[in-house]
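Residue-level listing of the chains:
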Amino acid sequence: MNAPTTTTNLTLEAARQRLRQLGLYGLLAQAEALMHEPWFTRVLEIEDAERAHRSRKRRLDDTRLGAFKPIADFDWAWPQKCDRSLIEELFSLAFIEEAANVVLIGANGLGKTMLLKNLAHQAVLQGHTARSTLASDMLHDLAAQDSTAALARRLRRYTSPTLLAIDEVGYLSYDARYADLLFEGVTRRYQTRPILLTTNKVFGEWNQVFPNAACVVTLIDRLMHRAEIVALEGESYRLKEAKERAQRKAKSRTPTARKQR
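Sequence order sets the numbering: in each chain, residues are counted from 1 along the sequence as written. Confidence filtering applies because this is a predicted model: local features only for residues at pLDDT of at least 70, side-chain atom pairs given and counted only at 80 or more, and all residues used for totals across whole chains, interfaces and linings. Each side-chain value is worked out from all heavy atoms of the structure, with water and hydrogens disregarded.

Enquirer: Quick question: what am I supposed to make of the overall build of the chain here?
Expert: Looking only at helices and strands, the chain has 13 helices and five strands in total. Over its C-alpha atoms the chain spans a radius of gyration of 25 Å, topping by over 25% the 18 Å that the globule rule assigns to 261 residues. For the C-alpha atoms alone, the extent of the chain along its principal axes is close to 80 × 65 × 35 Å. Exposure is judged per residue with a 1.4 Å probe applied to protein chains only, and the accessible area is read against the type maximum: over 50% gives exposed, under 20% gives buried, and values in between give partly exposed. In the chain, buried positions account for 39% of the 261 residues. Pairs at least 24 residues apart make up 82% of the contacts formed inside the chain by residues separated by at least 6 positions. All accessibility values rest on the Shrake-Rupley procedure with a 1.4 Å probe; residue burial counts only the protein chains present in the view. Approximately 15100 Å² of the chain is accessible, and the part contributed by carbon and sulfur atoms is 49%. Residues scored as positive are Lys and Arg, those scored as negative are Asp and Glu, and His as well as the terminal groups of each chain are ignored. Every charge is mapped to an atom, namely NZ of Lys, CZ of Arg, CG of Asp or CD of Glu. Taking the 39 positively charged and 31 negatively charged side chains of the chain as two groups, their mean positions are separated by 7 Å. Strands here mean DSSP runs of E at least two residues long; helices mean DSSP runs of H or I at least four residues long; both are numbered from the N terminus. To get the radius of gyration, use the C-alpha atoms; to get the globule rule, take the number of residues to the power 0.38 and multiply by 2.2 Å. Any two residues whose heavy atoms approach within 4.5 Å are treated as being in contact.

Enquirer: Before we go on, may I ask you to explain the nonpolar core in this structure?
Expert: When a protein is soluble and globular, its nonpolar side chains tend to lie buried together. Counting 30 residues, the largest nonpolar core has Ile-166, Trp-206 and Phe-210 as its most contacted members. If one sorts the elements of this core by residue count, helix H10 (residues 176-189) sits on top with five residues. Only buried residues count toward a nonpolar core, which is a set of Ala, Val, Leu, Ile, Met, Phe, Trp, Tyr and Cys residues joined through side-chain atoms within 4.5 Å. Leu-86, Phe-91, Leu-115 and Val-230 belong to the second largest nonpolar core, which has 27 residues in total.

Enquirer: Would you mind going over a negative patch on the surface with me for this structure?
Expert: Each patch is assembled from residues with relative accessible area greater than 30% and no salt bridge, linking like charges that lie within 9 Å and nonpolar side chains (Val, Leu, Ile, Met, Phe, Trp, Tyr) that lie within 5 Å. When a carboxyl oxygen of Asp or Glu is within 4 Å of a side-chain nitrogen of Lys or Arg, the pair counts as a salt bridge. Side chains of Asp-83, Glu-89, Glu-97 and Glu-98 sit close together on the surface and give a patch of like negative charge. Position of Glu-97 among the secondary structure elements: in helix H6 (residues 94-97). Owing to a relative accessible area of 64%, Glu-97 belongs among the exposed residues under this scheme.

Enquirer: Any chance you could explain the pairing of strand E2 (residues 130-134) here in plain terms?
Expert: If a strand is regular, its side chains alternate between the two faces of the sheet. Counting buried positions along E2 yields four of five residues, so the element is predominantly enclosed. Two strands pair when backbone bridges link them, and E2 and strand E3 (residues 163-169) are joined in this way by five bridges, in the parallel orientation. The residue of E3 that forms the bridge with Arg-131 is Leu-164. Any two strands between which DSSP finds at least two bridges are classified as paired.

Enquirer: Teacher, can you tell me more about the packing of helix H4 (residues 40-63) against helix H7 (residues 112-125) here?
Expert: Packed helix pairs are specified by the crossing angle of their axes together with the interaxial distance, meaning the distance between the axes. At their nearest, the axes of H4 and H7 sit 9 Å apart, and the two run at 155° to each other. Taken together, the axes of H4 and H7 are roughly antiparallel relative to one another. The two elements H4 and H7 cross, and the hand of that crossing is right-handed. Facing H4, whose interface residues are Arg-56, Arg-59, Leu-60 and Thr-63, H7 presents His-121, Val-124 and Leu-125. Note on method: axes are straight lines fitted to C-alpha atoms, helices fitted across the in-contact stretch only, with angles between N-to-C directions ranging 0 to 180 degrees. Under this scheme an angle from 65 to 115 degrees is roughly perpendicular, one under 35 degrees roughly parallel, and one over 145 degrees roughly antiparallel; angles in between are oblique. Whether a crossing is left-handed or right-handed is set by the direction in which the near helix is turned from the far one by less than a right angle, anticlockwise for left-handed and clockwise for right-handed.

So, to be careful, I would describe these as geometric facts and stop short of saying anything about function.
Structural data, given as structure tokens:
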């Protein structure tokens, strides 16, 4: 166990600054007298750690990730196409600093959502704010606003976090109103805050997702500008697990069936 930092490493001005940041105004008033108390620095360390813990918990709650498997459980060998080096590079979170979008494209059951949630989780652990949402939930939420002012307020829910993670674009089709709402969200974040997005359709098929929407070409253009495109190809891992489960259950029933015969 490391020994606590001694107060000799802390100047009076630095101590006062930390006390202001922590909101410990009672101690701030007596900072000069307390500087040489053996417990003083330890109190600051405890308060710092607790504040960081509360901040991280609040940001994780606000992200709304739900349950997800850790990246350590990702089966890199299963997809027929998977750029592991690119994905691992994304976990450095350099794309956040660059305000570059990340688009994960692939069929169902290849781990797109798992990667999205792990990246969002890593962003929060590194001090960023994030929000994770299904595309359908976000668009229905925005479309339900009954005034321009209400829509502007609700848009901030999706435009203010450092990282916005939108899952499952392409599984449902939407009218032009929903396309406009997605376009508005993308435009407000364009080149300032990144979007992390999963889709089961290549961009050339997005006219099936938003048929008759005039903004689709521009929407795609802004998503792709300075974006990392991660393509996953192969069969569904969930289908693989379902088949394996069925086989195990079939084997477990075989002895019983034989006895009955």
